[in-house]
Amino acid sequence: MGSESKYDEKTRVLVVGATGYIGKRIVRACLAEGHETYVLQRPEIGLDVEKVQLILSFKKLGARIVEASFSDHQSLVSAVKLVDVVVSAMSGVHFRSHNILVQLKLVEAIKEAGNVKRFLPSEFGMDPPRMGHALPPGRETFDQKMEVRQAIEAARIPYTYVVGACFAAYFAGNLSQMVTLLPPKEKVNIYGDGNVKVVFADEDDIAKYTAKTLNDPRALNKTVNIRPPDNVLTQLELVQIWEKLTGNELEKTNISAEDFLANIEQMEIPHQAGIGHFYHIFYEGCLTDHEVGEDEEASCLYPDVKYKRMFDYLRMFL
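Residues numbered from 1 in each chain as written. Predicted model: local features only at pLDDT ≥ 70, side-chain atom pairs only at ≥ 80, totals over all residues. Heavy atoms only, no water.

Q: How should I be thinking about the side chain of Gln-272 in this particular structure?
A: Locating Gln-272 in the fold gives a position in helix 11 (residues 269-284). Filtering out sequence-adjacent residues up to four positions away, Gln-272 remains in contact with Pro-137, Ile-264, Glu-265 and Met-267. (Helix = DSSP H or I, 4+ residues; strand = E, 2+ residues; numbered from the N terminus. Contact = heavy atoms within 4.5 Å.)

Below, the structure is given as structure tokens:
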């Protein structure tokens, strides 16, 4: 047995936000990884039939359902007492529900329960401590994530922060165009000169890395960056992959930073937030403007995850 015994024991994991966009993938990845997986079911689910059916499908795969509510502190304490690790995937985007600060209630419950060996709060995007300069209103996401981190660290709760990639469904399939999720047929907007390096990752791979990191001693009280080298691409490189796949060259329009940010104040708040995030990623290069060591990069830590390359990802759209 020796050093392997740590991994022979099943880790018990509670996923909060389990029916959400990333949450449902994390549940499946945890089950596939062999973790004893618990799913938090909240009474607020009401008549949301899609979520109810999703939870039933998790049950079929072997997950255990735990009922608790954010408005009932004791129910949360009881839920976290069942597990070793808590993973939160609460939504943090303005065009969906923006629930980041609800996690403070989870921090309180974990602190009181006292048994949790690791907490992974809802991150999975840009690294908040690097985003202090971000444009409003999009910066609210980073400010709130920082508030959650500060509460975790003040309560001395062991943590792992998983950060660093653009979700492929929102940034790759559309060649990083806003207001669509499908590839353009004739024309494509290029941000600046299109040569800023960006990190793209398939959401299922993000979930797989999360499931592997949550009981890995190397990731304890660390930030793990998802920066798979073959998916560190400029926007132009992404567009060229698509052009190669289709055999069709797109008409390109370069958009200057000034033009991209023009009239931002007149837009709806969710759109303003989106514009700000796109600006930091595609003009400033916030995902790639800093070094990441091999000991803190997911694809180096877990080479057994055969992550999806963007060539294969874009092939789905043919």
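So, next bit.
Q: For this particular structure, what's the right way to read the sheet that holds strand 5 (residues 118-120)?
A: Ordered in space as 3-2-1-4-5, the five strands form an open sheet in which the pairing is parallel. Taken across any chain shown, the strands that pair with only one partner, and hence form the sheet edges, are strand 3 (64-67) and strand 5. The average undirected angle you get between the axes of adjacent strands in this sheet is 25°. As paired elements, strand 4 (residues 85-88) and strand 5 share three bridges and run parallel to each other. Looking at the pairing, Val-86 lines up with Phe-119 of strand 5. (Pairing = 2+ DSSP bridges. Axes fitted to C-alpha atoms, helices over the stretch in contact; angles between N-to-C directions.)

Q: Before we go on, may I ask you to explain the nonpolar core in this structure?
A: It is characteristic of soluble globular proteins that their nonpolar side chains tend to be buried jointly. Among the nonpolar cores identified, the biggest contains 77 residues, and Ile-26, Phe-200, Phe-260, Ile-281 and Met-310 are the most heavily contacted of them. Apart from residues lying up to four places away in sequence, Ile-281 is in contact with Met-126, Cys-166, Phe-171, Val-196, Val-198, Cys-286 and Leu-287. (Core = buried A, V, L, I, M, F, W, Y, C linked by side-chain atoms within 4.5 Å. Buried < 20%, exposed > 50% of the residue type's maximum accessible area, 1.4 Å probe, protein only.)

Q: Sorry if this is basic, but what is going on with the environment of Met-310 here?
A: With respect to the secondary-structure elements, Met-310 resides in helix 13 (residues 310-315). Met-310 gets classed as buried once you look at its relative accessible area, which sits at 1%. Those residues in contact with Met-310, other than ones at most four positions away along the chain, are Ala-168, Ala-172, Phe-200, Ala-201, Asp-202, Asn-231, Leu-233, Leu-238 and Ile-241.

This is a description of form; function is not addressed.
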